[in-house]
Every structure is written in structure tokens, then in C-alpha cells.
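# Chain and residue survey
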Amino acid sequence: MAEKKHTLSVLVENTPGALARIAGLFSGRGFNIDSLCVAETLDPTLSHLTLVTRGDELIIEQIIKQLRRLIDVYKVVDVTEEEEFVEREMALIKVRAEKETRAEVLRMCDIFRCKVVDVSPRTYTIEVTGPQSKLQAVIELLKPIGIKEIVRTGLIAMKREKKSV
Amino acid sequence: MTGAQMIVEALKREGVEVIFGYPGGAVIDIYDELYKTPEIKHVLVRHEQGAAHAADGYARSTGKVGVCLVTSGPGATNTVTGIATAYMDSIPVVILTGQVPTKLIGNDAFQEVDITGITRPCTKHNFLVKRTEDLPWVLKAAFHIARTGRPGPVLVDLPKDVQQGKAEFHWPEEIRLRSYQPVYDPHPRQVERAYRLLESSTRPVVLVGGGVIASGAHEELLELAERLHLPVTMTLMGLGGFPGTHPQSLGMLGMHGTYYANMAVANSDLILAVGARFDDRVTGKVDAFAPMAKIIHIDIDPTSIQKNVRVDVPIVGDCKRALEKLLQIVKEVGRPEKIWREQFKDWWEQIEIWKKRYPLTYKQDTEYIKPQFVIEKLYELTRGEAIVATEVGQNQMWTAQYYKFDRPRTLITSGGLGTMGFGFPAAIGAQMGNPGKLVIDVAGDGSIQMNIQEMATAMEQGLPIKVIILNNGYLGMVRQWQELFYERRYSAVKFQVLPDFVKLAEAYGALGLRATRPEEVEPVLKQALESDRLTLVDIHIAPEEGVFPMVPAGRATTEMILV
Ligand SMILES: Cc1ncc(C[n+]2csc(CCOP(=O)(O)OP(=O)(O)O)c2C)c(N)n1
Ligand SMILES: [Mg+2]
């Protein structure tokens, strides 16, 4: 069976052990985590977690069931299985910006609608937001110029509301 | 009320009759309350591992939640093997551990360990209580989680200042956890599909696991099997879920299962698995497992389904309710029993051929005592009515094969974790929970030494447990693997020194007996069974006897090594 990337949206009780339990589940059972993003929801007693993982159908089924089995896990949705969803990630990229390349970096920011959030004599720090494909494209284009450091948030995702009435 | 008072009050409200424990600085306040609470019996063990196993044996034999109380640090870590043992076999146990005061947590304080961290992967759930007022709710939740759904151990870590703090006691009569809602009722459509598969099958087998015992589904199972005339096989954990002496019983399957159980499963066209999880000791090489069979899988835990084998009809729910539903359909459709019998007639003929070809058997000896003979005798003399705990290794497998467990909760054995040293303390728990009953621990000379200190506990409580040591002078099961798969290189399996078990028994004030020749077995066992106190029987068995049949690890279950 083919391995596929899945984005899971998980609601968990906002208790001290909950995140450790989820992380432990993945390491203990040998599942992959590509990225993990956690924050409070509107209801402060629940946290929302977006988790990107890989595996064939049976493994993903196990991962979802194992997550649901945890006492603290309230809800698990495989966003990838939804017809339409929005995925976003943000990256901060510190890129070398010497005299000869400064203009080019700015031009690229313009094209990709990135923001320059910090400037030093020899670097720009750029904020990029978008689907992972866009982040990947920006990173690839900036690499030849020289990326000094990069920090990514990991993916967050949300199901789209139905458009028809 | 103080926190300690609240803890004891909560235990009373949960109907706890007995606690197995060991005191220390971090639980001294709780012990002070227990001192004033004669309605809760406290059993002082000699090692915290013993307390955890005893609480587990109490739970397995009674169906109630077992409770264990220990201090922080080493007291807590000593229970970990016991917790993992209960976890692997889905046994409801609540473990209360003391903890250093909240303000010292994280400071590497004296006798501090992160026990909730340590036990996270081997508990169903655990709690660290930070405020005294949370105690009633947390304890209620702990018992609720331990006994509902797929049962399991729940640990509650209790910092000393939480025990000493004061708050009002509000006991929640009902508890609802939004994130924990086990599904009990099976999906009716799935059960109908299961029925239709049964109707169209010609070579069915029922595979009984520990879930049948946990959910108390043995009566429904018996009714279904008899009505449809289905062959039934059990996992180690399922023994007792269906009567071992029943003509439709094929005995245990798997690595040390009967030839006919493994052949029947391998050649079946339909497996009805009830509360079993298709562990590797049951399936052997998964790709070769029951290649022609469709599988119906009833289990309360969705993760058990589709984990190891592909399943055609998954039924998530309580085994008892699912079988009730299935029986209801059987009755509604009202197919005469004669037709069912007719349908499986050829299949039963084939099974009878397998049974005749390789029955469960061993070679009797005039010189050496055969362990199988000892278990057979034990079965005969107790009329199959004892609660039998086992240790782990060959002793465990011989017991599983030759003691025909007819009723649920009569075999107390560590299946999933295979914990040596489990049997004896578990027998203590079982005897505490079943004061009038005969409780036996079938032991190995290796395993019994892992928790031998609990002899003192059993003596102190006046428990007339019978420990039958099948003494082969070896870590027998490991020796058997070395004999079969490592060209007899017996590395670290022979004890150069063994205690004199008879004298050891006497040193604890118990009765010690010994048998070294076959003709001594019956009189010695009789004497032990007649004794009204703790009795240890040292039976010197044929040192290199093996457990057969045996499916080598990782091979197809049809590739059995027979006697
Ligand atoms: C705590 C623990 N340590 C090691 C093992 C590995 N092991 C499995 S069976 C066995 C031998 C048990 O010897 P004994 O209790 O004498 O039983 P026998 O097999 O001889 O009947 C060992 C060492 C285990 N199951 N549990
Ligand atoms: Mg031995």
C-alpha cells in the first residue's frame, strides 16, 4: 500500500499530560510525525493540534484510532479526507542580503507576497505564509542566494465551509 | 476534610474492601486515615511489585477494581512491572502513589520520580492531582476509567501537600467525560452481516479472547456455540471463557496450542473472534494466518480491530452485547439446529480426524515426574474447581494445556507481558477476593524466586494458598528454545544454587512438601490440598521436558513441532 501524507486535526483536553501522551504514542508505536502545531481554542479547556503524518491506509487508520483511544483526546479528523480544506504554514527565513543581492531578494518577496520583518546590514528576515508548496518554492529560490537560518511553524489546516446554500 | 480523609472516603464510596500496599513518607497521611478505617482491609506486602500484582489478581478473580497504595519514588517505580502486566491484559486496577509536595515537584526532591511520566505508556490513563478539592472528582474518574470500556490500570499521583490540604468533599454520583465515551452497543447492520457470514460458512471457528471474560459474555457464547454447533478455541487469556471440557472445545490455539485448534483455524473459512486481539503468539506468521478465512471481529477497542490481521466484519462494542444481538438474530431467523449441524458436519468430521491424529499428549515415565501428569492430577483432585494462578514459562503453558478451565476468572496468568513473579502475589490477591475458594499457584523454580518474599504476606493474612513448584532446575522455557533453536547451547539457564524449598517454606512458618518420584505425586498433592495453611510443594520434574506442540516464533501455525 502506498504511503501518503495526512493532516490530522485533533482537539484535546487542555491538561498538562495531553501533549506528552500524544508525542509518546507516536514514538512508542513507531509512527512518523512530520510536524505538530498546538494552540488554545476559543474554549480554553480544549487545545487544537494539527499533526502531519505519513503512512499507508492501515497505519493512518491505526494512528487515528490510537489517538481517539487516549482519554484526553476529544476529536480527531483526517483533514486530508475532507473534500476541501485550507492548509497554511508560516516560515521565517533569514537570508544573506549583500549589496548585489538585496534588490533580488526584495523582488522575490514582492512576487511571493512575503514580508520583510527584520533588516540588518547583511541579512533580511522574511516572513512567508501559504500552502507548503509556496514555502517550498520560496526556499528553493532563496537557497542560491544563501539562507542563514529558517524556522517553520508546521502546518495548520481547516475544513472549508460548503459554498452552496 | 483533609485530602487524606477525602481519599479514604472516596475509596469507601467506590466500595473498596481491600487495598494492597506499602507505606512511606509520602503516603503516611493516607495510612493514618486507614488506621481509623477498619472497613477497608489493608494488606501489607513485602515488595511493591507484589502489591500491584495482588491488586491485579484480586481484579482478575473477582471482576472488581483492584487497588494498590504505595509511597513516592522507589515505592512507585517498584509497581511499574505490575502496572504494565495489568495494562497488557486489560485489568482494572487503581494505583495510588504518594508524591513529594507540589512546590518541590521538578526539584529532584528526596524520593521524587515523575511517575505519571514513567507510566504514561503502560497505564490506560493517569493523573497528577494538584489541588485538594480535585480529589473526589479525580478518584471517581480513575475508577470509572479503570473499569469501563476496555479496562486497564489507572494511576493517581498524590502530592503530600494535597493530602494534607483541606477542602470540602463533593462526591460526584455520576461522571461524564466528554473525551471518553466507550461504545458498548454494536452496530446492528454489522451484526446482521456477521450472521449472514455464519449462515454461509462451512468451516467456521470461534476464537475466544480475554474480552469474553472481561465483559462476562461466557453464557451468551456458550449458547451461541451450542445452538450453531460451532467449534471453539481459546487464546491463553480466553481460557475459561468457554468450558474446556465441552465437546466443542478445541482447547488453546497458537504457539503452544493444540494441533487440532491450529489446524482448524488454518483451514477455516470463517473466524468469529470475540474479544481477542490477534497477538503474534496466536497468529504466528501473520501472512500465513488462516488464509482462506473471512474474519468477524468483535472488540470494545477499535484499535484491536485491523491492527494485526485484515477484518471483514468489524464489530466495535461490548462482547456480551454483541453476542446477545447475534443470538437475537439467530432466534429470529429460527433456522433449526439440525440444519446448522448438517452444514458443519463435514467440518466436524475433519476436526475429529485431526483430534485423533495428534491429541494433546505426553510420554509417561516411571522414573521422572512428568509436569503434565502433575497438572492432570491437580485437575482431577480439585475437580477443576480451583482458581489457578501461574507463573511464566513452561509451568504456565502446561497449566494452560492440561488444566481444563471450565469457568471464567479461574485462570490467573500474565498473558501479554509474560511476567515471571506474577503468579504468587496474584494468588494472594485472588485469595483475598475469594476467601472460601481453593487458590493455587503453579510455579516454576525460577519464577517463584522473583516474589518469594510474599510468603510472609500470605502467612500474615492466614491465606491457605497452595504453591506447586514444577521444579526442573532450569529456566525451562528459555532452555527449551536453546535446545530447539540454539543447538543446545544452554547459556545462563541452569541454576547452580536453588534454595531448599521445603526448608524455605518452613522458615516462613508454612508447610513444605516434596515429591521426587511419580508415585509420590498424588499423595503429596492430596496432603497439600488438605492442608489449611500456606503450603509450598516442591515437585522435581523431568528436567528437560518440553512444551509441545510448539510453533517456532515467526512461523505459520501449521508448522508445529509435535512431541
Ligand atoms: C521478569 C521476567 N524475566 C525474564 C523472562 C524470560 N523468561 C520467560 S520464561 C523464563 C523461564 C522461567 O523459568 P521457571 O520459572 O523456572 O519456569 P519453567 O519454564 O522452568 O517452567 C524466562 C527467564 C520473563 N518472562 N519474565
Ligand atoms: Mg524452571
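For chain B, an unreviewed UniProt entry supplies the name Acetolactate synthase and the organism Thermosulfurimonas dismutans. One UniProt comment on chain B, placed under Sequence similarities (unreviewed entry), says "Belongs to the TPP enzyme family."

Taking an unreviewed UniProt entry as the reference, chain A is identified by name as Acetolactate synthase small subunit belonging to Thermosulfurimonas dismutans. Quoted verbatim from the Subunit (unreviewed entry) heading of the UniProt record, the comment on chain A is "Dimer of large and small chains." Quoted verbatim from the Sequence similarities (unreviewed entry) heading of the UniProt record, the comment on chain A is "Belongs to the acetolactate synthase small subunit family."

## Remarks on the domain arrangement of chain B
All names here are of chain B. Assigned domains within chain B: domain 1 (3-164), domain 2 (188-357) and domain 3 (371-540). The centre of domain 1, based on its C-alpha atoms, is set 37 Å off from the matching centre of domain 2. Between domain 1 and domain 2, the residue contacts involve five residues of the former and five residues of the latter. In this assembly, domain 1 packs against domain 2 so that about 480 Å² is buried in total across both faces, 56% of it on carbon and sulfur atoms. Three residues stand out in domain 1 for area buried against domain 2, namely M88, D89 and R150, and they jointly supply 72% of the buried area on that side. Linking R150 and D301 is a salt bridge whose minimum nitrogen-to-oxygen distance equals 2.7 Å. At the junction of domain 1 with domain 2, the criterion picks out two residue pairs in polar contact (both at pLDDT 80 or more). Residue classes in the side of domain 1 that touches domain 2 are distributed as one nonpolar, one polar and three charged.

## Here we look at the packing of aromatic side chains
This model, assessed by the stated rule, comprises 14 aromatic pairs over all chains. Look at Y259(B) and Y358(B): their rings are 4.7 Å apart centre to centre, the planes differ by 75°, and that puts the pair in the edge-to-face class. Of this pair, Y259(B) sits in helix 12 (residues 259-267) while Y358(B) sits in the loop between helix 16 (345-357) and helix 17 (371-382); the two residues are 99 residues apart in sequence, bridging distant segments of the chain. Each ring, one from Y362(B) and one from Y402(B), has its centre 5.7 Å from the other, and the planes form 85°; the classification is edge-to-face. Of this pair, Y362(B) sits in the loop between helix 16 and helix 17 while Y402(B) sits in helix 18 (residues 394-402), and the two are 40 residues apart along the sequence. Here the two residues Y362(B) and Y402(B) agree in accessibility, since each one is buried. Among the aromatic residues, those joined into a cluster by ring pairs are Y195(B), W340(B) and F344(B). The residue whose ring lies beneath R102(A) is Y124(A), and the NZ or CZ to ring-centre distance is 4.6 Å.

## Observations concerning the UniProt feature "domain: ACT" (unreviewed entry) in chain A
Annotation from UniProt places "domain: ACT" (unreviewed entry) at residues 7-81 of chain A. The annotated region residues 7-81 of chain A carries 32% helix and 39% strand content, and the separation between its end C-alpha atoms amounts to 9 Å.

## Describing the nonpolar core
All names here are of chain B. Formed by 97 residues in total, the largest nonpolar core has its most connected members in I271, V274, L326 and I539. Here this core gets seven residues from one element, more than from any other, and that element is helix 14 (residues 319-333). When residues of this core are sorted by domain, at least three fall in each of domain 2 (188-357) and domain 3 (371-540). If we skip the residues at most four places from it in the chain, V274 touches V206, L207, V208, G209, V212, L221, I298, C319 and L323. Counting residues in each nonpolar core, the second largest holds 48 residues, with A54, I83, I95 and C122 among its members.

## Remarks on the interface of chain A and chain B
Taken together, the contact between chain A and chain B spans 19 residues of the former and 17 residues of the latter. Of the roughly 1,500 Å² buried at the junction of chain A and chain B (both faces included), carbon and sulfur atoms supply 49%. Of all residues in chain A, R21(A), R69(A) and I71(A) bury the most surface against chain B, accounting for 44% of the area lost on that side. Joining chain A to chain B, the criterion identifies three salt bridges. With its nearest N and O atoms 3.6 Å apart, the salt bridge here joins D43(A) to R178(B). Taken together, the links from chain A to chain B amount to nine residue pairs in polar contact (both at pLDDT 80 or more). At the level of secondary structure, the elements contributing two or more residues to the side of chain A that touches chain B comprise helix 1 (18-28), helix 2 (57-69) and strand 4 (73-78) of chain A.

## Observations regarding the domain arrangement of chain A
Residue and element names in this part refer to chain A. Entries for chain A in the domain assignment read domain 1 (4-78) and domain 2 (88-159). The centre of domain 1, based on its C-alpha atoms, is set 29 Å off from the matching centre of domain 2. Taken together, the contact pairs seven residues of domain 1 with six residues of domain 2. Counting the contacts that link domain 1 with domain 2 gives zero salt bridges. The interface formed by domain 1 and domain 2 holds two residue pairs in polar contact (both at pLDDT 80 or more) in total. The set of elements that each furnish at least two residues to the side of domain 1 that touches domain 2 consists of strand 1 (4-13), strand 2 (35-40) and strand 3 (46-55). Counting residues per element, the side of domain 1 that touches domain 2 draws most heavily on strand 2, at three residues.

## Side note on the site of ligand 1
All names here are of chain B. Residues in contact with ligand 1 amount to 17 residues; listed here are only the nearest, Q394, G418, G446, S447 and G476. Taking G446, its main chain carries an N or O atom lying 2.9 Å from an oxygen atom of ligand 1. M477 is positioned such that a nitrogen or oxygen atom in its backbone is 2.9 Å from an oxygen atom of ligand 1. Within the complex, the protein chains bury 77% of what would otherwise be the 580 Å² of accessible surface of ligand 1. Looking at the shell around ligand 1, the elements that each hand over two or more residues are helix 18 and helix 21 (476-485). Ranked by the residues each element gives to the shell around ligand 1, the list is headed by helix 21, at three residues. The residue inventory of the shell around ligand 1, partitioned by class, reads seven nonpolar, nine polar and one charged.

## Overview of the UniProt feature "domain: Thiamine pyrophosphate enzyme N-terminal TPP-binding" (unreviewed entry) in chain B
With numbering aligned to this structure, UniProt lists the feature "domain: Thiamine pyrophosphate enzyme N-terminal TPP-binding" (unreviewed entry) at residues 1-116 of chain B. With 42% helix and 17% strand, the stretch residues 1-116 of chain B has end C-alpha atoms that lie 26 Å from each other.

## What to know about the sheet that holds strand 16 (residues 466-471) of chain B
Residue and element names in this part refer to chain B. As summarised here, the arrangement of the six strands in space is 14-13-15-16-18-17, forming an open sheet in which the pairing is parallel. Each edge of the open sheet carries a strand with a single partner, namely strand 14 (411-412) and strand 17 (511-515). Sheet analysis places strand 17 next to strand 18 (residues 535-540), joined by five bridges and oriented parallel. From the neighbouring strand, R514 faces strand 18, where its bridge partner is D538. Against the sheet, helix 17 engages strand 15 (439-444), strand 16 and strand 18, with an angle of about 160° to strand 16.

What counts and what doesn't
- Residues numbered from 1 in each chain as written.
- Chains lettered and ligands numbered in written order.
- Predicted model: local features only at pLDDT ≥ 70, side-chain atom pairs only at ≥ 80, totals over all residues.
- Heavy atoms only, no water.
- UniProt positions renumbered as here; feature names shortened; annotations may be inferred.
- Domains from an automatic or database assignment.
- Contact = heavy atoms within 4.5 Å.
- Buried area = accessible area lost by both parts, 1.4 Å probe.
- Salt bridge = Lys/Arg side-chain N within 4 Å of Asp/Glu carboxyl O.
- Polar contact = N/O pair within 3.5 Å; in protein donor to acceptor, adjacent residues only side chain to side chain.
- Nonpolar A, V, L, I, M, F, W, Y, C, P; charged D, E, K, R; others polar.
- Phe/Tyr/Trp six-rings, centres within 6.5 Å; stacked < 30°, edge-to-face > 60°.
- Helix = DSSP H or I, 4+ residues; strand = E, 2+ residues; numbered from the N terminus.
- Buried < 20%, exposed > 50% of the residue type's maximum accessible area, 1.4 Å probe, protein only.
- Lys NZ or Arg CZ within 6 Å of the ring centre and 35° of its normal.
- Core = buried A, V, L, I, M, F, W, Y, C linked by side-chain atoms within 4.5 Å.
- Near = heavy atom within 4 Å.
- Areas by Shrake-Rupley, 256 points an atom, 1.4 Å probe, with all protein chains shown as cover.
- Pairing = 2+ DSSP bridges.
- Axes fitted to C-alpha atoms, helices over the stretch in contact; angles between N-to-C directions.

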